[in-house]
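# Topology and contacts: notes
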Amino acid sequence: MSEIKVLENGAKFAHVSAGCLNGFDGKQFVKDAIGATSCEISFGILRTGEAVPFFHSHKTNEENYVILSGAGKFQVDNVVFEIAEGSVVRVSTGCDRNLKCTSVDPMVYICIQAKEGSLGDYTMTDAELTERASLL
Ligand code: ZN
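Here we summarise the structure given alongside this text. These figures come from a predicted structure and were not determined experimentally. (Residues numbered from 1 in each chain as written. Predicted model: local features only at pLDDT ≥ 70, side-chain atom pairs only at ≥ 80, totals over all residues. Heavy atoms only, no water.)

Each helix and strand counted, the protein chain has one helix and 10 strands in total. Listing the helices and strands of the protein chain from first to last along the sequence gives β-β-β-α-β-β-β-β-β-β-β. Reported as C-alpha extents along the three principal axes, the dimensions of the protein chain are approximately 50 × 35 × 25 Å. Here the protein chain holds 136 residues, and 31% of them are scored as buried. (Helix = DSSP H or I, 4+ residues; strand = E, 2+ residues; numbered from the N terminus. Buried < 20%, exposed > 50% of the residue type's maximum accessible area, 1.4 Å probe, protein only.)

Next comes the structure, spelled out in structure tokens:
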């Protein structure tokens, strides 16, 4: 079972790795390892027939699930729908959610949890081009 490994830690960045996304069970949380201040990020893996062992809801944070591989079903309150690699599901506060893997291959996903309604400027309204020379 792998853990989140810190690879580089700069004054203004952190680089960690969950390693092989098939190499752990359950969830790997990233926020503390990278010192994130705006969201929690976790990697999750569910094997064939496996669901998160509980339903849960959130009071202040919405969750955004990004399915990286595999397929399954997602339930929000009493609504069930199919999910697969490439699916992105946003779930609001105040409702129950769970997901289950129905594919032969494991379902690997990322969950990004952030305060609902907190996103202000983003992408090009927040970014500005700078003059730094590339070292890449
Ligand atoms: Zn949650």
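Time to look at the nonpolar core. For soluble globular proteins, the rule of thumb is that nonpolar side chains tend to be buried together. Tyr-65, Phe-74, Leu-99 and Tyr-109 are the most contacted members of the largest nonpolar core, which has 15 residues in total. The element contributing the most residues to this core is strand S10 (residues 107–115), with three residues. Among all residues touching Tyr-65, those that are not within four sequence positions of it are His-56, Phe-74, Ser-87, Val-88, Val-89, Val-91, Arg-97, Leu-99, Tyr-109, Ile-110 and Cys-111. In this structure, Ala-18, Phe-24, Val-30 and Phe-43 belong to the second largest nonpolar core, which totals nine residues. (Core = buried A, V, L, I, M, F, W, Y, C linked by side-chain atoms within 4.5 Å. Contact = heavy atoms within 4.5 Å.)

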